[in-house]
Amino acid sequence: MEQEQTSPAVQKRVQDSFDLQGLMSHLGARITHIGPGRVHIVLPARSEVTQQHGYIHAGATSAIADSAGGYAALTLFDEESEVLTVEYKINLLAPAAGHHLEAIGTVLKPGRTLTVCQLEVYGVQADGAKVLVANGRQSLICVDRPAE
């Protein structure tokens, strides 16, 4: 199934912002889809992002979920705006295991000030089989882009 894409300008703005995130770079995460109100982020399974039992750490799982939702919201804001997370809640449903994790942020309710997103994180096996390992909700605030 083909997914809807945003304009090249929005894709560039989202990717450029993502590339400035030291944490996402440190984790080895990358954006794999930028659509209107929807962003996917993939995190490869590596020993550096695991916890003591070998599963991907909840902190890494939560971080990619938070970023996926934030960038999903950003796709709907004008180019003079930025986004900040106000709050999020994540439920860890199963051990985060697999070849990689895929976080999907989806805007549920866009707003001029506050936007609400759904967060989903899947453990993806090498054969493509997926298991929902986390889900949550997030509230984000639209702020003016800082002057450069």
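Here the structure is shown first, and the text comes after it.
It should be emphasised that the depicted structure is a prediction, and the values quoted were computed from it without experimental measurement.

Draft legend 1. Seen up close, the sheet that holds strand β6 (residues 130-144). Taken in spatial order, the six strands of this open sheet run β1-β2-β4-β5-β6-β3, and their pairing is antiparallel. Both outer strands of the open sheet, β1 (30-35) and β3 (81-92), are each paired with one neighbouring strand and no more. Strand-to-strand twist across the sheet, computed as the mean angle between neighbouring axes with direction ignored, equals 20°. Judged from the nine bridges that link them, strand β4 (residues 100-109) and strand β5 (residues 114-124) form a sheet pairing that is antiparallel.

Draft legend 2. Broad picture of the state of the cysteines. If you walk through the whole model with that rule in mind, you get zero disulfides. Distance from the sulfur of Cys117, which forms no disulfide, to the nearest cysteine sulfur (Cys142) is 12 Å.

Draft legend 3. Here's a closer look at the pattern of salt bridges. For the coordinates displayed, the defined rule picks out four salt bridges. As a salt-bridge pair, Lys12 and Asp16 come within 2.6 Å of each other at their nearest N and O atoms. Here Lys12 and its partner Asp16 are both found in helix α1 (residues 8-19), four residues apart, which amounts to about one turn of the helix. On the accessibility criterion, Lys12 (52% relative accessible area) is exposed.

What counts, and at which threshold
- Residues numbered from 1 in each chain as written.
- Predicted model: local features only at pLDDT ≥ 70, side-chain atom pairs only at ≥ 80, totals over all residues.
- Heavy atoms only, no water.
- Pairing = 2+ DSSP bridges.
- Helix = DSSP H or I, 4+ residues; strand = E, 2+ residues; numbered from the N terminus.
- Axes fitted to C-alpha atoms, helices over the stretch in contact; angles between N-to-C directions.
- Disulfide = S-S within 2.5 Å.
- Salt bridge = Lys/Arg side-chain N within 4 Å of Asp/Glu carboxyl O.
- Buried < 20%, exposed > 50% of the residue type's maximum accessible area, 1.4 Å probe, protein only.

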